[in-house]
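# Secondary and tertiary structure notes
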Amino acid sequence: MKRSIRKVAVLGSGVMGSAIACHFANIGCQVLLLDIAPGELTPEEQAKGLTLDSKVVKNRVVQSSFDRSIKSSPGPIYSKRFLNRIALGNFTDDMAKIKDYDWTIEVVVENLDIKKKVYEEVEKYRRPGTLITSNTSGIPIHLMAEGRSDDFKKNFCGTHFFNPPRYLKLLEIIPTPHTSPDVVDFLMYYGDLFLGKTTVLCKDTPAFIANRVGVFSIMKVLEVMKKHDLNIDEVDKLTGPVIGRPKSATFRTSDIVGLDTMIKVSTNLYQALPNDESRDTFKLPEVALQMEKNKWLGDKTGQGFYKKVKGPKRESEILTLDLNTLEYKEKAKAKFSTLETTKTIDNLRERFKVLLAGKDKAGAFYRDSFYSLFQYASNRIPEIADELYKIDDAICAGFGWELGPFETWDALGVEKTIKEMEAAGSKPAQWVYDMIAGGKKSFYSVADGAKLYYDIPSKSYKPVPGKESFIILENLKDKIVWKNAESLVTDLGDGIVNFAWHSKSYTLGSSVIEGLNKAIEIAEKDYKGLVIGHQGADFSLGANLGLVFMYAIEQDYDEIEFMVRQFQQSVMRIRYSSVPVVVCPQGRTLGGGCEMTLHADIAQAAAETYIGLVEVGVGLIPGGGGTKEFTKRVSESLEEGDVELNALQNAFMNIATAKVALSAEDARDMGILRSKDRISVNKDRQLLDAKAAALELYDAGYTMPVPSKNIKVQGRSGLALFHAGVFGMRMGNYISDHDKKIALKIANVMCGGDLTSPQEVSEQYLLDLEREAFVSLTGEKKTLERIQSILTGGKPLRN
């Protein structure tokens, strides 16, 4: 059945409902967000003479919920431009409007009776054949469909988003026995392609997949930490980025989500799983119940496992809860010899081998935690999923893990780990032994660039469904055509080559710049186009500041000048290559990473791209063509008679305040992305989308652009206005003397220097001014202090 989703109704405007409404608005849908009409007036409403029939009263609940969502951080909306796609209303007056909507999503309170009452109303107005789904996280899906019409049941399904819906990639699809297979297929397809989600087809079992395994893992951590006498700071150190998990780790995540949410899920699982062999793990420890009683639920109540207080000098300080005494104490320094040995191991799979082999408490903690997790995950097949990849996909997308349980087990070596698990009393499921006995030594394999998983019924490897639409660089190692220590060039097929790098923080040092130029050279010689991008957490955090600092301390300004000139030339090669070049920013794309993006023929940005020219923050100006490019774009955007200084001032402020876009659409609003640049809502599809864009440019008869020589600049007249503004800011003590110096250097570049009148200049002219300003600022002590503060974590500059 062919479906088109243009209009979506969301029933329930709480935290999840409002955020889901925003995400549908993010992708271009018209959204109707409804909630209950209140039953009584507030004192303020009474004072205004309002009644229960007043529209503002009837929409009070939905309006206040939506306003809270919009003000939340991180925000749920890509751009404020999209807010007008969302209409607010109430169940009493506006439920009938859902007849015009293609998809109705129920997100009301987790109470079966209330949900059924909502569905009775929905059934009165819903157009036959339209989708109706529930975002429940725990109520059995089939119970909600009881008593409904055949058409309702056929088009009804669970669609479980994770909070916050914009940022967490998981969308669990849970059909009932009555759900049409066409509906399931459509939701799996739409969630991936349009909503940007990892869609996982789940069975209708308690907590589905991600929460079942993820909450088990968290509860097991609580159990194991007590066994090994570890504190909260130590556990969060052990369960964060070092094992490929979010920085919030275990306890900070609980504070963000809310301890009450964790308690509710754990309690529900304990009650719903009488036959689960690990049921007791879901039993809440006494300390959690006491914290609930104290209302220490996390951020929502001001304190949880952590508490922010004001120090003696009014500075903010984070205290940690001592689980033994229930008193808040200063954060403890967590240090383990096992972690020290992994500091130089960037590859997570290799790091895991060292972590679980540790001889200290950290190693013992990891072994107890992971062996129990492996056992539990293997025992859940086929209960919650028939295929093992679904468990990994769900836990990674829902909880932000880099590697799922089976992927981690693979990294450690399946057969070797089984023996250690047995010794620890965590024997896995029988099918794992059968897999090993059948000669299959891993849960995953790669063949012809495709990721395969071990299929238990057939005892063979099969392609992971849906991944054929993705380009996964890790699976294309046999397609590498060139590499050095920090970068590589890979053949993507169809005449397109990719340039990727893996330096620390994806910084742009000499090896990466060498690789970039080599990639362009290879593409121009043998290929149709080049895609610049990788699949790490961030695109790039900019230049190698350590190198800049070293040369500046030694006052070797010629080396700095050479380094900046080389980067400028490399970035200009992106723009002026004989083949189309598509750049793929994603995650943090700062400084030089932003400058690479600015010079692309087309930028294929991930929706979650946080991009900006941030050099001012370290006492410099953008020196890789960024200042030049903002000036050029202002010149190109103006029509005859336009006032250039207003547009130039906006561009200047973006640089001078080191403003960072909070999404790709925000970057479009800032002028970093142009109308022709494209956005991939699903980051996993970004390289494939970029490849298609490069081929499209090539097939359209791509010709190399000609460097601009007609960039209009204002000269002294523009500089005079900028000087007045900057000096005013300094006189008002809004900026420091050093900030003033930086701002004036930015203005000097953007106005074309000390020119007697407005005139046209070349790109190279502006690049020379930009480079001169950058190098001169590296000689400033304040700049060096800022750079060293970043490099050393705030330690002062030594004389």
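Look up: the structure comes first, before these words.
In short, a report on the structure. (Residues numbered from 1 in each chain as written. Predicted model: local features only at pLDDT ≥ 70, side-chain atom pairs only at ≥ 80, totals over all residues. Heavy atoms only, no water.)

## Some details on helix α24 (residues 557–575)
Across its 19 residues, α24 extends 27 Å between first and last C-alpha, which sits within 8% of the 27 Å expected from 1.5 Å per residue. Of all the positions in α24, only I560, M563, V564, F567, Q568, S570, V571, M572, I574 and R575 are classed as buried. (Helix = DSSP H or I, 4+ residues; strand = E, 2+ residues; numbered from the N terminus. Expected span 1.5 Å × (residues − 1). Buried < 20%, exposed > 50% of the residue type's maximum accessible area, 1.4 Å probe, protein only.)

## Notes on the side chain of T778
Along the chain, the position of T778 falls in the loop between α32 (763–777) and α33 (781–792). In contact with T778, other than residues within four places in its own chain, are V548, A552, Y557, I560, L620, T783 and L784. (Contact = heavy atoms within 4.5 Å.)

## Observations regarding the packing of helix α23 (residues 545–553) against α33
Remark: α23 packs on α33, axes separated minimally by 10 Å, with the N-to-C direction vectors making an angle of 135°. Taken together, α23 and α33 sit at an angle that is classed as oblique. When you trace α23 past α33, the crossing you get is left-handed. Contacts between α23 and α33 pair L545, G546, V548, F549, A552 and I553 from the former with L784, I787, Q788, I790 and L791 from the latter. When grouped by side-chain class, the residues that make up the contact of α23 with α33 number nine nonpolar, two polar and no charged. (Axes fitted to C-alpha atoms, helices over the stretch in contact; angles between N-to-C directions. Parallel < 35°, antiparallel > 145°, perpendicular 65-115°, else oblique. Left-handed = near helix turned anticlockwise from the far one by under 90°. Nonpolar A, V, L, I, M, F, W, Y, C, P; charged D, E, K, R; others polar.)

## What about the sheet that holds strand β12 (residues 444–447)?
Read from one edge of the open sheet, three strands run β12-β13-β14, paired in antiparallel fashion. A strand with exactly one partner marks an edge of an open sheet, and here the two such strands are β12 and β14 (460–463). Across the sheet, the mean angle separating the axes of adjacent strands is 40° when strand polarity is ignored. In this sheet, β14 lies alongside strand β13 (residues 450–455) in antiparallel orientation, the contact comprising four bridges. Looking across to β14, one finds that L452 is bridged to P463. (Pairing = 2+ DSSP bridges.)

## Brief notes about the side chain of D677
Turning to its location among the elements, D677 is positioned in the loop between α28 (664–670) and β23 (678–680). When its relative accessible area of 3% is taken as the criterion, D677 is described as buried. Polar side-chain contacts of D677 include one of 2.7 Å to the backbone nitrogen of R674. Residues in contact with D677, not counting those within four places in the same chain, are I602, A603, R668 and I672. (Polar contact = N/O pair within 3.5 Å; in protein donor to acceptor, adjacent residues only side chain to side chain.)

## Details of the sheet that holds strand β10 (residues 316–322)
Spatially, β9-β10-β11 is the arrangement adopted by the three strands of the open sheet, whose pairing is antiparallel. Whereas interior strands pair on both sides, the edge strands pair on one side only; in this sheet they are β9 (306–310) and β11 (327–330). On average, each strand axis in the sheet is tilted by 45° relative to the strand beside it, whichever way the strands run. The pairing of β9 with β10 spans five bridges and is antiparallel. Residue K307 lies in a different strand from β10, and its bridge partner there is L319.

## Side note on helix α29 (residues 686–699)
Between its terminal C-alpha atoms α29 stretches 20 Å, which fits the 20 Å expected from 14 residues at 1.5 Å a residue. Along α29, the residues that are buried comprise Q686, L687, A690, K691, A693, A694 and L695. One or two positions beyond α29, positive phi appears at G701, with a value near 85°.

## So, the nonpolar core
The biggest cluster of nonpolar side chains holds 106 residues, and the ones touching the most others in it are F352, Y366, L388, F406, W409, W431 and F443. Ignoring anything within four residues of it in the chain, the contact list for F352 reads I243, F370, L403, T408 and L412. In this structure, Y551, M563, A743 and I787 belong to the second largest nonpolar core, which totals 54 residues. (Core = buried A, V, L, I, M, F, W, Y, C linked by side-chain atoms within 4.5 Å.)

## Here we look at the pairing of β10
Between β9 and β10, which pair antiparallel one after the other, the connecting turn spans five residues, and R314 there sits at a positive phi close to 70°. Pairing geometry for β10 and β11, over four bridges, is antiparallel. Residue pairing for β11: L319 is matched across the bridge by E330. Where β10 hands over to β11, the hairpin turn is made up of four residues, of which L326 adopts a positive phi near 60°.

## Topic: the environment of V583
As for its placement among the helices and strands, V583 is situated in strand β19 (residues 581–583). In this structure V583 comes out as buried when scored by relative accessible area, which is 0%. Each C-alpha atom of the pair V583 and A690 lies 7.6 Å from the other, and the pair is 107 residues apart in sequence. The residues touching V583, leaving out its near neighbours within four places in the chain, are I532, F539, I574, M596, T597, A600, I602, A603 and Q604.

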